[in-house]
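Listed below, chain by chain, are the residues.
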Amino acid sequence: MKHTIYFDEAGNTGQDLLNQQQKVFSLASVQFNQEQQDELSKIFDNGGEIHFKKLKNSSTGRKQIIDFINHELICEQNIISSTCHKKFATVAQIVDQLIEPVFYDNGIDLYIDGRNLIYTNYLFYLGELVWDKTSFNKVLESFIKMMRQKDDDSINAFYSIVNDFSESIDVEFKETFINPIIESREQIEQILESVTKFTLDVTLSSFLNLCDLWHKKHNAKINIVFDNSKQIEFYKEFIEFMKQMNVKTQEVGYGNRKMVFPTQIDTLTLKDSSTELSLQFADLVASTITFMYSNENEKHKSFVENIKKSKLLKLSNCHVIWPYPNFSPKDLGMENSTGNNPLDFIADYQIKNNL
């Protein structure tokens, strides 16, 4: 049996991860058969494309959204989503892009036991609750600027800001969390060589994770239909590479964060949402979640409260990239360090195959 999964996103601001109007990114994936699509479409009476941005502007439209996200078909069988706290993701990118290479050169695998997640959580909470928040935000802002511009001015500005910031915090924190960032200056040119306009964007990683979950759910390859996406279009060649890897099907990673290689995608198609009802439903799911987190309009307060109480927010299979106060290896499900580093796995494959 072929399984076709439909994807759409909301809250995507590209590399502008600190955008104050869109603080959360959501990627929704849905699978509804024709009968289920027909049943859900009865909720809406506008006769045109079903779109969250239009529906939320009227009391009738908001009621239809609430009816949709409370429908019996809104369940784990039909929906898997991913929600990302973008400021937390910015901190995670500093760990992945700058700190991880420093640790790697010192013979330390930052991904074993979820060390990268523990490091990210510590940095985030220290920046939010212990250190001067304004100064920490300047570090994050200058990091994003450096990753986007990749020139001498942005590089020098970032490390100058980090050095100034390090002088304002306790020595114990400086040695553990800030010095590795400062040490990354020695290899920043090499790091930035591989940075693209979508490196900081979380679409690809969220997409691959959801595809892996759908594959494991059905124990079969899946067909993907994605609403037109610049990010997925950009990464099509890389996704094809992941699909075509000539290796025995296997799980790669550590602890509970393992992914099947090769990527178990059969086909990937980009389409306009106006042509696919399930893409419109995916938009409703993703947009509803991001709106709940980003809305500051008092007149939508009741609407947001109804979203929070809905079936959609109670689904157990929503993958969340979010700061978490309990982040020991056991809390993260990463106390079992058996496995292998996925970055090493991909790099070794490329080297062995002269790619």
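What you see as residue numbers is a count from 1 along each chain, following the sequence as written. Local features in a predicted model are, by the rule used here, given only for residues with pLDDT of at least 70; side-chain atom pairs are given and counted only at 80 or more, and totals for whole chains, interfaces and linings are based on all residues. Side-chain numbers come from the whole structure's heavy atoms, not from hydrogens or water.

In the annotation of an unreviewed UniProt entry, the entry for the protein reads DUF3800 domain-containing protein, and the organism field reads Psychroserpens ponticola.

Draft legend 1. Up close: the overall build of the protein. Regarding its fold elements, the protein presents 15 helices and eight strands. It is over C-alpha atoms that the radius of gyration is taken, and the globule rule equals 2.2 Å times the number of residues to the power 0.38. Here the C-alpha atoms of the protein give a radius of gyration of 21 Å, agreeing with the 20 Å that 2.2 N^0.38 yields for 355 residues. Across its three principal axes, the protein shows a C-alpha extent of roughly 60 × 50 × 40 Å. Here the protein, with 355 residues, has 52% of them falling under the buried criterion. Contact criterion: two residues are considered in contact whenever any of their non-hydrogen atoms come within 4.5 Å of each other. The long-range fraction of contacts in the protein, counting pairs at least 24 apart against all pairs at least 6 apart in sequence, stands at 78%. Helix and strand assignments follow DSSP, with helices taken as H or I runs no shorter than four residues and strands as E runs no shorter than two, numbered in order from the N terminus. Here the term buried applies to any residue with accessible area under 20% of the maximum for its type, exposed to any over 50%, and partly exposed to those in between, with areas from a 1.4 Å probe on protein chains only.

Draft legend 2. Representation of the state of the cysteines. Whenever a pair of cysteine sulfur atoms sits within 2.5 Å, that pair is classed as a disulfide. Counted under the stated rule, the structure contains zero disulfides. Summary of cysteine pairing: Cys84 is not part of a disulfide, and the nearest cysteine sulfur, belonging to Cys318, is at 11 Å. By relative accessible area, which is 28% here, Cys318 ends up partly exposed.

Draft legend 3. The arrangement of the packing of helix 5 (residues 115–130) against helix 8 (residues 171–183) in detail. Interhelical geometry of helix 5 versus helix 8 gives an angle of 110 degrees and a closest axis separation of 12 Å. Judged by the inter-axis angle, helix 5 sits roughly perpendicular to helix 8. Two packed elements cross with a definite hand, and for helix 5 against helix 8 that hand is left-handed. Counted together, Tyr119, Tyr122, Leu123, Leu126 and Val130 of helix 5 and Phe173, Thr176, Phe177 and Pro180 of helix 8 form the full contact between these two elements. Here an angle of 0 to 180 degrees is reported between the N-to-C directions of two axes, which are lines fitted to C-alpha atoms, with helices fitted over the stretch in contact. Should an angle fall under 35 degrees it is taken as roughly parallel, and over 145 as roughly antiparallel, whereas 65 to 115 is taken as roughly perpendicular and any remaining angle as oblique. In this scheme the handedness of a crossing depends on how the near helix is turned from the far one: anticlockwise by less than a right angle means left-handed, clockwise means right-handed.

Draft legend 4. Representation of the layout of surface pockets in the model. Using protein atoms alone on a 1 Å grid, points that fit a 1.4 Å probe yet trap it form a cavity, whereas open point sets bounded by protein on both sides within 12 Å along at least five of seven lines form a pocket; residues with an atom within 4 Å of a point count as lining. Grid points are joined across faces, edges and corners, and a volume is the space filled by probe spheres set on the points. Counted as a void, the second largest pocket has a volume near 450 Å³. Looking at the second largest pocket, it is lined by 19 residues, and the ones nearest its centre are Glu9, Ala10, Gly11, Lys53 and Ser287. A per-element tally of the lining of the second largest pocket places helix 13 (residues 277–294) first, with five residues. A per-class count over the lining of the second largest pocket returns three nonpolar, 10 polar and six charged. Under the scheme applied, nonpolar residues are Ala, Val, Leu, Ile, Met, Phe, Trp, Tyr, Cys and Pro; charged residues are Asp, Glu, Lys and Arg; polar residues are all the others, including Gly.

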